[in-house]
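Topology and contacts: notes
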Amino acid sequence: MVNETTIVDALKHGHLDLAQIGGFTDGELAGAKEAARVYLERGEPAKALGIASLLVALKPHDAATYRIAGVAALQLEQPLLAQSLFEMASARDPANVLTQLCLAEAKMANGALAEALTLFAAAIPRVGPELAAHGRRARELVARIEASLQSMNPTANKRSA
C-alpha cells in the first residue's frame, strides 16, 4: 500500500510528478502542449502562457513546456519572466539550440547585451536547417546588439579605427 510519505518522497526525488498523481495521460499532456503552441501561432500568448504554466506545474521536467511559456512571456513583453522560464528550460536540456537562442533574446530584452551576444555566438553555429528561420532572426538580433553597443560607446570605435 502506498502512503502519503511515499508519494511525497517520490515527488521530492523526481520519481513522480503531479501529472501522474492527477491521472493525466501522456497523450492528454501532449495535446495540451500542442494547444499552447497553436495559441502562440494564432497570436494569443496569454492563452498559451496559461496552458503552459499549468503544464509546467504538472510536468516540471519538460524543457519544451518551459520554452513555450517563455516565448509566450516574451510576446507579452514580460522579458524577466521569459528569461527565468528559458533558464529553467536550459537547465533541463542544456544542449537545445532553440532554448539557447530564446534565452539570448530574453537577455537582450532585459538589457544584458554582452550575455546575449555570448549566448548567440555559442548557439548560432549549431543551428541546423530545421531552425534556419531562428538562425536568421538570431543573426539579425546580433546585428542590432552590435549597433546598439557601438552607439552607446562611440569612443571605443574611434580608438579601434
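Above this text you will find the structure in question.
Below: a short report on this structure. (Residues numbered from 1 in each chain as written. Predicted model: local features only at pLDDT ≥ 70, side-chain atom pairs only at ≥ 80, totals over all residues. Heavy atoms only, no water.)

**Here's the deal with unusual backbone geometry**
Heads up, the condition is: Here a helix means four or more residues in a row that DSSP labels H or I, a strand means two or more in a row labelled E, and each is numbered from the N terminus.
Residues other than glycine seldom take positive phi values, yet Glu77 does so here, at roughly 60°. Mapped onto the elements of the fold, Glu77 is located in the loop between helix H5 (63-75) and helix H6 (79-92).

**So, helix H8 (residues 113-123)**
For the record, the criterion: For the exposure calls, accessible area comes from a 1.4 Å probe over protein chains only, and a residue counts as buried if that area is under 20% of its type's maximum, exposed if over 50%, partly exposed in between. This arc is built from the directions going out from the helix axis to the C-beta atoms. In this description, contact between two residues means that some pair of their heavy atoms is separated by no more than 4.5 Å.
Listed as buried for H8 are Leu113, Ala116, Leu119, Phe120 and Ala123. In an axial view of H8, the angular spread of the buried residues amounts to 125°, which keeps them on one side of the axis. Every exposed residue of H8 that faces more than 90 degrees away from the buried side is listed here: Ala114, Thr118 and Ala121. Contacts from the buried residues of H8 go to helix H7 (97-109) and helix H9 (132-152).

**Considerations on the layout of surface pockets**
Counted only if it meets this: Cavity and pocket criteria rest on a 1 Å grid covering protein atoms alone: a 1.4 Å probe that fits but cannot get out defines a cavity, protein on both sides within 12 Å along at least 5 of 7 lines defines an open pocket, and an atom within 4 Å of a point defines a lining residue. Grid points are joined across faces, edges and corners, and a volume is the space filled by probe spheres set on the points.
The volume enclosed by the largest pocket comes to roughly 550 Å³. If you trace the largest pocket, you find 19 residues lining it, with Leu40, Val71, Leu98, Cys102 and His134 closest to the centre. Counting only elements with at least two residues in the lining of the largest pocket, the list comes to helix H3 (26-41), H5, H7 and H9. No other element matches the 6 residues that H5 contributes to the lining of the largest pocket.

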